[in-house]
Amino acid sequence: LPNGHTLLIVGDVPEVSAAIEIVLTAEDYRVRQLISGSSTRIVSENVVEADFSSAESLREAHRLVLGSAADPIGAIVNLLALEAQFRHHHRTSADEAAALRLAQNTSNVIKQFEDDLRRSAAQGGGWLINFTSLNGKFGVDSEIPFPLAQAGTLGVMKSAAKEIPGIRVKNIDLDSQVEPQVLFASITAELAADAPEIEVGFNAAGRWTLELREQLATESEEALALDRESVVLVTGGAHGITAEVCKALARDYSPRLILVGRSPLPADEPAALRELASTTALRQYLIATMRRTDASVTPAQIEQALRQILKSRQMRANLAELRRLGSSVEYHALDVRDAASFSQLLDDVYARIGRIDGVIHGAGVIDDRMIRDKTPESFARVFTTKVNSAMTLTRKLRPESLKFLIFFSSISGRFGNIGQADYSAANEYLNKLAQQLDQSWPGRVVAINWGPWDAGMVSDQLREIYHQKDIDLIPPAEGVRFFMSELVHRGPSAPEVVITCSARQIEQISLKR
Ligand SMILES: NC(=O)c1ccc[n+]([C@@H]2O[C@H](COP(=O)([O-])OP(=O)(O)OC[C@H]3O[C@@H](n4cnc5c(N)ncnc54)[C@H](OP(=O)(O)O)[C@@H]3O)[C@@H](O)[C@H]2O)c1
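To keep things clear, this report deals only with the structure shown in the data block. Note that the structure is a prediction, hence the values are computed from the model and not measured.

**Brief notes about the side chain of S409**
And then number 1: Secondary-structure assignment places S409 in strand 14 (residues 404-410).
And then number 2: At 2.9 Å, the side chain of S409 and the side chain of N431 are in polar contact.
And then number 3: Other than its neighbours up to four places away in sequence, S409 contacts K386, N427, N431, A447, I448, N449 and W450.

Okay, structure coming up:
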């Protein structure tokens, strides 16, 4: 850390912060601590309290922390995840709320100190270090339960690493069974070595890092034990890439499909639109008709109406295709974030049909904005769409009779992504939830970290960005083939998998320094 740059400990974990402060102050570092509370105030000489959910409070706290120092905050050591409130192992709805609060507060802190980290990075500093206690291997193969609420911070950090050029980001995961002195020595050595890995765990066996192992999709001899009586529930299954995999299921097994999405079931298309097959013809029609009734209509409103028509068309076509391929299909229009109505649907399926054999959780939304531009509402919408719904599934499904539970996660969870701190956080939560459920549920549980498909939520604008970055999109037929291969996978348990083209290009975006 350059001379004079402040090291800021974020969070209130007395035993850890005291140790850091003693050691670093002895070496002449300027160390300050920021803890969360309901007000903005100086607690003691080196400790400031702020309301982490308030940008204004954090701005004021920033001023108080710097005091008369001329140099920026050069390092943030984020201990928030280690606070007692985020170390629970149970999966209650209070835990989901905690997971959102933790991920969001972590993002808010980064937003507030981003400029400092940039300035410090230009002078050789700019550290952003996050601690979790997911058993020292980021939840991988963990037979002991770990506090899931912490998982989102991993995604926020990995996205920050991509968004803020030059900073040095570390997610350090600790096994709390290991002696604190041993952990302390390992962490100090890790930081001194300045190794490039963003994710490093420390457990009884020592230093641990993650690496991807390449595997081809195999055409399995075995088939799934699914037939026309089986029930597969699919969130998001009427649209996008989830609909594509449903078609393969319908083709191969024709199970009863129960699809869930927010959009109402589209009515038949009005005759005037039916003749307009191309997007251009539709757009021209909308411009003419919408301007006729309202001269002030904006291009954005026209594009929104166009998207809606195209989405309804796709939904109609998908549902028809699933039926043609032999599946019976129910569509339920509900918001999976609403625990009460989603739970009611799950209860109803068990009561009415008596079984759910498989679940594909594909519901998800993106709202890409840099950390500095994120709003609390947008962050929460992106996060809870995946996380709260996954937890409702976890509570309501009957694992003893469930053959598979597949989460549609994203490579953005694995590597982070520019503009996607919230989305990365949500996907990391799904990844770690899959790790946890895989330990105790008899069926297959897997979070597929998809790279970008040439379909679904990938817009033309995103396509162009991927093209510029030399990233190939997953052709839908290939995505479906890998999905089916994953579904019948019988090898060693692998609850987190990545399926993508151009894995290395996607990973490299983060290695700017
Ligand atoms: N496409 C890709 O390249 C890609 C890459 C990585 C990961 N993924 C993941 O794969 C999944 C599907 O993505 P996609 O590209 O197919 O997206 P998409 O075309 O936008 O489809 C998303 C689906 O989720 C539903 N949905 C969203 N929010 C919901 C809510 N609150 N309640 C109920 N349903 C909801 C949507 O229906 P309504 O709008 O009607 O609610 C829609 O059917 C997502 O989880 C995404 O994160 C996709």
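**Looking at the nonpolar core**
And then number 1: One finds I356, F383 and L397 to be the most contacted residues of the largest nonpolar core, which totals 80 residues.
And then number 2: Counting residues per element, this core draws most heavily on helix 3 (residues 93-122), at 10 residues.
And then number 3: Apart from the residues within four sequence positions on either side, L397 is in contact with L346, Y350, I356, V359, L402, L405 and W441.
And then number 4: Listed in part, the 37 residues of the second largest apolar core include L226, L249, L322 and I360.

**Brief notes about the site of the ligand**
And then number 1: Around the ligand sit 31 residues in total, of which R262, S263, K311, Y423 and M457 are the nearest.
And then number 2: Between the ligand and the protein, one listed contact pairs a nitrogen atom with a side-chain N or O atom of D335 at 2.8 Å.
And then number 3: A455 has a polar backbone atom sitting 3.4 Å from a nitrogen atom of the ligand.
And then number 4: Surface burial for the ligand is 95%, taken as the share of its 870 Å² of free accessible area covered by protein chains.
And then number 5: If you list the elements that add at least two residues to the shell around the ligand, you get helix 6 (240-252), helix 11 (376-396) and strand 14.
And then number 6: Taken together, the residues that form the shell around the ligand break down as 13 nonpolar, 13 polar and 5 charged.

**Examining the sheet that holds strand 14**
And then number 1: Here we have 7 strands laid out as an open sheet, ordered 12-11-10-13-14-15-16, and parallel in their pairing. Of all the strands in the sheet, just strand 12 (329-333) and strand 16 (496-499) have a single pairing partner and so form its edges. Averaged over all neighbouring strand pairs, the angle between strand axes comes to 20 degrees, with direction disregarded.
And then number 2: By the bridge criterion, 4 bridges tie strand 10 (residues 231-235) to strand 13 (residues 358-361) in an arrangement that is parallel. Each residue of the ladder has a partner; that of V234, found in strand 13, is I360.
And then number 3: Along the sheet face, helix 6 touches strand 10, strand 11 (256-261), strand 13, strand 14 and strand 15 (444-450) and points at about 165 degrees away from the line of strand 10.

The rules behind each value
Residues numbered from 1 in each chain as written. Predicted model: local features only at pLDDT ≥ 70, side-chain atom pairs only at ≥ 80, totals over all residues. Heavy atoms only, no water. Helix = DSSP H or I, 4+ residues; strand = E, 2+ residues; numbered from the N terminus. Polar contact = N/O pair within 3.5 Å; in protein donor to acceptor, adjacent residues only side chain to side chain. Contact = heavy atoms within 4.5 Å. Core = buried A, V, L, I, M, F, W, Y, C linked by side-chain atoms within 4.5 Å. Buried < 20%, exposed > 50% of the residue type's maximum accessible area, 1.4 Å probe, protein only. Near = heavy atom within 4 Å. Areas by Shrake-Rupley, 256 points an atom, 1.4 Å probe, with all protein chains shown as cover. Nonpolar A, V, L, I, M, F, W, Y, C, P; charged D, E, K, R; others polar. Pairing = 2+ DSSP bridges. Axes fitted to C-alpha atoms, helices over the stretch in contact; angles between N-to-C directions.

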